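Chain and residue survey
One-letter residues, chain by chain:
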Amino acid sequence: MLPGLPDEITLYCSLGENVIPQIGYGAAALDKRTVGFVIEPAPSDRINKILDVHLRHALYHECHHLVRGWVKHGGRPPKHFIDGVVCEGLASAFERDAAGYPAPWCEYPDNASAWVDELLALSAGADYGHWMFHHPDGRQWIGYKAGVYIADRATERSGLDAAQLVSVAAEHIIELAEMRYPSKCGTAAHNAWLG
């Protein structure tokens, strides 16, 4: 499904606190061949349930990142904050459509285009955690939801799905979605994401 996916991928599973609180797991593309999957410390039956319900679709999401190069170590730095939004949106759309998991971060609001406008106006050094996870104004997953909105528009207008768009540059995804890529660029957003 994903052209360019490595033949071998290493999966590291561990217990830890860096998880999505509502769901009990977190996942990340660590480098171009490695995925990390963290489960909240819990009784073994809860851990097994998290693995049974979430590991498969999380791997779809993270494998999309592996091919795209949206990885913590060894990837290409983005030109603008919106690049990360596009990467997360495409991976989430792939997770939803190919793995059949309607993640809560895939459900964008009716005013998603206004959220996209906010994200397009951000500086490269904008707070990744606020815009991608928990915003101080109470909104959650703004970047993910807006990214899925962008991915869905690009898919609708191009006739290509998220797997077929895996290697298409963020600027072109924005164009396919009939939006305008920002002219001001920088790498601080990716550097902030790396922590």
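Relevant structure appears above.
Read on for an overview of the structure. (Residues numbered from 1 in each chain as written. Predicted model: local features only at pLDDT ≥ 70, side-chain atom pairs only at ≥ 80, totals over all residues. Heavy atoms only, no water.)

Next up on the list: the overall build of the protein. A count of helical and extended segments in the protein gives seven helices and three strands. For the protein, the N- to C-terminal ordering of α and β elements is β-β-β-α-α-α-α-α-α-α. Its C-alpha atoms give the protein a radius of gyration of 16 Å, near enough to 16 Å, the size a compact globule of 195 residues would have. Summarising its shape, the C-alpha atoms of the protein cover approximately 50 × 40 × 30 Å along the three principal directions. Scored against the burial criterion, the 195 residues of the protein give a buried share of 53%. (Helix = DSSP H or I, 4+ residues; strand = E, 2+ residues; numbered from the N terminus. Rg over C-alpha atoms; globule rule 2.2 N^0.38 Å. Buried < 20%, exposed > 50% of the residue type's maximum accessible area, 1.4 Å probe, protein only.)

Our next topic: helix 2 (residues 81–99). For helix 2, built from 19 residues, the straight-helix expectation of 27 Å at 1.5 Å per residue is met to within 8% by its first-to-last C-alpha distance of 27 Å. With 16 of its 19 residues buried, helix 2 lies for the most part within the structure. Once helix 2 finishes, Gly100 follows within two positions and takes phi at roughly 75°, a positive value. (Expected span 1.5 Å × (residues − 1).)

Across the sheet, three strands lie side by side as 1-3-2; this open sheet has mixed pairing. Each edge of the sheet is formed by a strand with only one pairing partner; in this case those strands are strand 1 (10–15) and strand 2 (25–31). In this sheet, adjacent strand axes meet at a mean angle of 20° when their direction is disregarded. In this structure, strand 2 lies alongside strand 3 (residues 34–39), joined through six bridges in antiparallel fashion. Directly across from Ala27, in strand 3, lies its bridge partner Phe37. (Pairing = 2+ DSSP bridges. Axes fitted to C-alpha atoms, helices over the stretch in contact; angles between N-to-C directions.)

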